[in-house]
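# Tertiary structure, described
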Amino acid sequence: METFYADGSPFFKETGTYLQYRTEGYPIIHRHDYWECFVLLNGSAIHNTVKGPKHITQGHVSVLHPENEHCIIPQDKKYTELTFSVKKPIFENLCNSINDEFYGQLLERSGPIDFYLNESMYNNIEKKVQAFLSLDPRQKCKISSIVKLLWLNILETIFLDRLQQNNLYPDWLNKFIAEIRKPENISLNVNKIYKLSNFSHSHLTRLFKKYIGKTLISYFKEVKLAHACMLLNTTDQTILSISGAVGYSSLSNFNKNFKDFYGITPTEFRKNSDFRGI
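Residues numbered from 1 in each chain as written. Predicted model: local features only at pLDDT ≥ 70, side-chain atom pairs only at ≥ 80, totals over all residues. Heavy atoms only, no water.

Counting its regular elements, the protein contains 12 helices and 10 strands. Taken over the C-alpha trace, the protein has a radius of gyration of 20 Å; the compact-globule value for 278 residues is 19 Å, and the two agree within 12%. When the backbone C-alpha atoms are referred to their principal axes, the protein occupies close to 60 × 45 × 30 Å. Put simply, the protein has 278 residues, and 44% of those count as buried. For the protein, contacts bridging at least 24 residues in sequence account for 73% of all contacts bridging at least 6. When the accessible surface of the protein is summed, it comes to about 14500 Å², and 50% of that surface belongs to carbon and sulfur atoms. Side-chain charges of the protein comprise 33 positive and 28 negative groups, with the mean position of each set lying 6 Å from the other. (Helix = DSSP H or I, 4+ residues; strand = E, 2+ residues; numbered from the N terminus. Rg over C-alpha atoms; globule rule 2.2 N^0.38 Å. Buried < 20%, exposed > 50% of the residue type's maximum accessible area, 1.4 Å probe, protein only. Contact = heavy atoms within 4.5 Å. Areas by Shrake-Rupley, 256 points an atom, 1.4 Å probe, with all protein chains shown as cover. Lys, Arg positive; Asp, Glu negative; His and termini not counted. Charge placed at Lys NZ, Arg CZ, Asp CG, Glu CD.)

Turning our attention to the pattern of salt bridges. Enumeration according to the criterion identifies 8 salt bridges in this entry. Between Lys256 and Asp260 there is a salt bridge, with its nearest N and O atoms 2.8 Å apart. Note that Lys256 and Asp260 are positioned in helix H11 (residues 251-262) at a spacing of 4 residues, about one turn of the helix. Each of Arg31, Glu67 and Glu69 takes part in one network of salt bridges that share partners. (Salt bridge = Lys/Arg side-chain N within 4 Å of Asp/Glu carboxyl O.)

So, on to the sheet that holds strand S9 (residues 80-86). The strand order S2-S9-S4-S7-S10 describes an open sheet built from 5 strands, whose pairing is antiparallel. In the strand order of this sheet, the two ends are held by strand S2 (17-22) and strand S10 (113-116), each with one partner. In this sheet, adjacent strand axes meet at a mean angle of 15° when their direction is disregarded. Sheet strands in contact with helix H2 (residues 88-96) are S2, strand S4 (35-42) and S9, and its direction is about 90° off that of S9. (Pairing = 2+ DSSP bridges. Axes fitted to C-alpha atoms, helices over the stretch in contact; angles between N-to-C directions.)

Here it is as structure tokens:
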């Protein structure tokens, strides 16, 4: 397991900030001792994190907590990424400039924060990238300022999204989501999942789509597949056993859904060393 340290780069050590514009990923599982934000500007890739491997496309953002393990595997020649990083004290100050409790809330997360940029945000970041590319590497203060502005843009988006979710998600929905994500419920079929709520099938279907933006069937399938990734990584159970543990009665159906969602089969996931160790 590789670990990257903020003091490993003279620029990072001096300014507490770092910015990279790259046309290749980093396919080896690694982690950092600082906060990192990864933005996919062009192309597509497989991003492997504690959540499992995920196919990502242009505009995807991942904010990585110190010690989060991940790797990035480009899937085409258009691949271009922007990665910007800050030391922990600077990140805390940036969070505090938005809200005094924000930093503590982000620390509580065990995995990365993922989302997609809207068109306006994407264009805003591209302008900052162009500003960065026009600078002389010796203009450390200006480069460091661009990094901090990028972080503020990302953090404001996360904070506003959290506010919106807290305001829009009723208590019953938060409790229902927590219930269906419990390991003992992941093997259930969708019809039994509906019974965990106090709503009728049709009413829950409508409300879930309204609040979450996707159907309960689609959401629950993602929960099942993420749990399957965890079992593939952390146990020696057969793929047949794992497919049953997440509620699939057909191995071929499980394999198809897994590949459709992640871009690789469960067997490939388990055999490929780049997807192990999380």
